[in-house]
Amino acid sequence: MNPKSYLLIPAGAVLVLSLAGCGAEPAATPSPQAVATDTSTPRGEDAEHADEAGQEEAGHDEEAVHDEEAGHDEAEEGAEPVRMDAAALEAAGIKLATLDARSLSEPLQAPGEVLDNAYGTTLITPRVEALVVRRHAKLGDEVAVGAPLVTLSSVEVAQAQGALAIAEQDWKRVQSLGREAVSGRRYQEAQVTVEQARATARAYGLPGTATGRSNGEFTLTAPHAGRLTEDAFVVGERIEPGRTLFRLVDESVVWVDATLPAEQARRIAIDSTAQVVLGPVRLPGKVVQRAHRTSENTRTALVRIEVANEGDRLHGGDYVEVYLDAGGGSDPQLAVPTAALVQLEGENVVFKETDGALAPVAVRPGPVVGDHTVIADGLVIGDRVVVEGAYVLKAQMLKAQLGEGHGH
C-alpha cells in the first residue's frame, strides 16, 4: 500500500465514525412534537375510569353538602306543631291556661295536734263546798247556753239564800215608805245590805235575786253552748270548791298547734292561711299565734292555727298534718306549674298554643317556688300554654317525628 492510501483509510474511517455518531443522536433525542405527544397519550380505559370516579366522588360530596344543609334547615324549623281538638285534649288529659303574674308562696308541711279552743272552754266548778244532788247532763252531751248541768246542796248557800231573801224584803219595804218616811241612814243601810246579799249569792253561783227558797240547793248552768268533754263526779259525792265537775267546750272553733323547725316557724306570718288534713278531711285555717320561744331540746317552735270545725270533724287530741304558707314573695311573677316544663332536644320548653296548634317554646326557667317554676324568659303574660299533660304531648310529638323518619 502506498502512503496516500494509508492516509486516506484512517480519514475515511474517521468520517464514517463521525457520521455514525451523528445518526444515533436523533433517535435518542425526541423532537418537541414527540415530547408533547407522549405527554397526552395515556388516554386509555384506566384514565377514563379515573375521571368517572373523580366525578362520582365530587357528586357524592355535593350530595352530602346538600343533605347537611337540609338537616340544618330541618333542625332550625323545629318540631311540627300538634293540632288537637277539645275532645282529643280532654281524652289525653291535656289542660291549657292563660299566663298571668301571680304571687308565689311555698307551702310547708308540719305535724300538728288539735287542741280545745281555750277561749271557748269553761270549767264548771262549785264556788263553795257542796253535795251533788242531781245530774242534768252527761259526758258528750251538746248543750245550749243556760242549760242546767248539775244541782248541788250547801249549808253556806242556804245561809246566803236566807240572807238574800230577808235583805230583799227589807229593801222593798224601805223603798215603799220613801225617803221622807225613813231616815237617810236607814235607807242607805237597807240598800247596802241587799247589795251585799246579792253579791254573796252571785259569788256562790246563785242568781242575783231571791228565788223564795232557802234550802241550800242551787243549780249550775251552761254559760255558753258547747259539748261536755269531761265529767268527773257522781251523785252524792261531796265536792270541794274549785273542783271541776264538767268541762264545757265550744267545738265550733278549734286550735291546731303545728311543730316546725325554728327557722321555718319564723317565716310564717300571723293571719296567713293554712290547711289542716286528717285523713280525707281537709279544712282551712288561719295562723293566730307564733311561739316566741324555741324548745331547747328539739329546737322547734309552735305555730297555732285557728280552724272552723265544720261538721265537728276535729277533736282535741287528734294528730293532723298542717300545710302552711311560707310566704315565698309578695311581688307577682310569671310562673307555670313545674310539671308544664319538659326537656326537648336538650332545651327546657313549654308547649304554647299558637293559631290553634301546640308548639314547644324554649324558655329560661327561674327559681322553683312550691309547685311552680318562675319563667325568666320565653313567655309573656297572656300566652296560653299547656299546664297539665305536657309529657303526653311530648311523647306524641316524638312519635310523630319517628314516623316521619321511617317514611324516608
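Computed from a predicted model, the values in this text were never measured in an experiment.

The rules behind each value
In this numbering scheme, every chain counts its residues from 1 along its sequence in written order. Side-chain atom pairs in this predicted model are given and counted only at pLDDT of 80 or more, local residue features only at pLDDT of at least 70, and totals for whole chains, interfaces and linings cover all residues. With hydrogens and water set aside, each side-chain value is computed from the structure's full complement of heavy atoms. Definition used for salt bridges: Asp or Glu carboxyl oxygen within 4 Å of a side-chain nitrogen of Lys or Arg. By definition, any uninterrupted DSSP run of H or I lasting at least four residues is a helix, any uninterrupted run of E lasting at least two residues is a strand, and each is numbered from the N terminus. Here's how the labels work: a residue is buried when its accessible area is under 20% of the maximum for its type, exposed when over 50%, partly exposed in between, all with a 1.4 Å probe on protein chains only. To pair, rings of Phe, Tyr and Trp, with the six-membered ring standing in for Trp, must have centres within 6.5 Å; the planes then decide the type, stacked if under 30 degrees apart, edge-to-face if over 60, and tilted in the middle. Between N or O atoms, a polar contact is any pair within 3.5 Å; within protein, one atom must be a potential hydrogen donor and the other a potential acceptor, and residues adjacent in sequence are included only when both atoms are from side chains. Here, residues are in contact when the closest pair of their heavy atoms is within 4.5 Å. Strand pairing requires that DSSP identify at least two bridges connecting the strands. In this analysis, the expected span of each helix is defined as 1.5 Å times one less than the number of residues it contains. The criterion is simple. A nonpolar core is a set of buried Ala, Val, Leu, Ile, Met, Phe, Trp, Tyr and Cys residues joined through side-chain atoms within 4.5 Å.

**Student:** I would appreciate a short explanation of the pattern of salt bridges in the present structure.
**Tutor:** Any two side chains of opposite charge can pair if their charged atoms end up close together. Per the stated rule, a full pass over the model turns up 18 salt bridges. The closest approach of N and O atoms between D170 and R173, which form a salt bridge, is 3.3 Å. Of this pair, D170 and R173 both sit in helix α5 (residues 155-177), separated by 3 residues, roughly a single helical turn. The class of D170 is partly exposed, set by a relative accessible area of 23%. For R173, a relative accessible area of 43% gives the class partly exposed. Between R227 and D312 there is a salt bridge whose closest N-O contact spans 3.4 Å. With a gap of 85 residues between them, R227 in strand β9 (residues 226-231) and D312 in the loop between β15 (300-308) and β16 (319-325) connect regions that are remote in the sequence. Taking the relative accessible area as the measure of exposure, D312 reaches 27% and is therefore partly exposed. Connected through shared salt-bridge partners, E142, R227, E251 and D312 make up one network.

**Student:** I keep staring at the packing of aromatic side chains and nothing clicks. Help me out?
**Tutor:** Here the distance between the centres and the angle between the planes together describe a pair of aromatic rings. Per the stated rule, a full pass over the model turns up 3 aromatic pairs. Relative to W255, the ring of Y119 lies with its centre 5.1 Å away and its plane at 85 degrees, an arrangement referred to as edge-to-face. Here Y119 is found in the loop between β3 (107-116) and β4 (121-124), whereas its partner W255 is found in strand β12 (residues 253-261), with 136 residues between them in sequence. Judged by relative accessible area, Y119 falls into the exposed class, the value being 75%. On the basis of relative accessibility, which here comes to 6%, the residue W255 falls in the buried class. With a centroid separation of 5.3 Å and 65 degrees between ring planes, the pair formed by W171 and Y187 is classed as edge-to-face.

**Student:** Is there a simple way to explain the side chain of E251 in this structure?
**Tutor:** By the secondary structure assignment, E251 is in the loop between β11 (246-249) and β12. At 3.0 Å, the side chain of E251 and the side chain of R227 are in polar contact. Not counting the four nearest positions on each side in its chain, E251 is found in contact with R227, T229, N309, D312 and H315.

**Student:** When you look at the pairing of β12 in this model, what are you seeing that I'm missing?
**Tutor:** Two strands pair when backbone bridges link them, and β3 and β12 are joined in this way by 5 bridges, in the antiparallel orientation. Bridge pairing in β12 places E113 opposite D257. Of the pairings in the sheet, the one linking β12 to β15 comprises 9 bridges and is antiparallel in character. Paired with V256 across the two strands is I305, which belongs to β15.

**Student:** Would you mind showing me how to read α5 here?
**Tutor:** Residues separated by three or four positions in an α-helix point in the same direction, a consequence of the helix having 3.6 residues per turn. The end-to-end C-alpha distance of α5 is 34 Å, a good match for the 33 Å that 23 residues give at a rise of 1.5 Å each. For α5, the complete set of buried residues consists of V157, A160, Q161, L164, A167, E168, W171 and V174. Residue S154 occupies the N-cap position of α5, its side-chain oxygen lying 3.3 Å from the main-chain nitrogen of E156. Immediately downstream of α5, the backbone of G178 shows phi near 90 degrees, a positive value.

**Student:** Please explain the nonpolar core as it appears in this structure.
**Tutor:** Most often, soluble globular proteins have nonpolar side chains that are buried together. L149, V150, L152, F218, L245 and F246 are the most contacted members of the largest nonpolar core, which totals 33 residues. Listed by contribution, the elements that provide at least two residues to this core are β5 (130-135), β7 (148-153), α5, α6 (184-203), β8 (217-221) and β11. Broken down by element, the residue count for this core peaks at 6 residues, all from α5. Not counting residues up to four positions away in its chain, the partners in contact with L152 are P126, A130, L131, V132, V133, G216, E217, F218, L220 and L245. Listed in part, the 23 residues of the second largest apolar core include A110, L283, V307 and V320.

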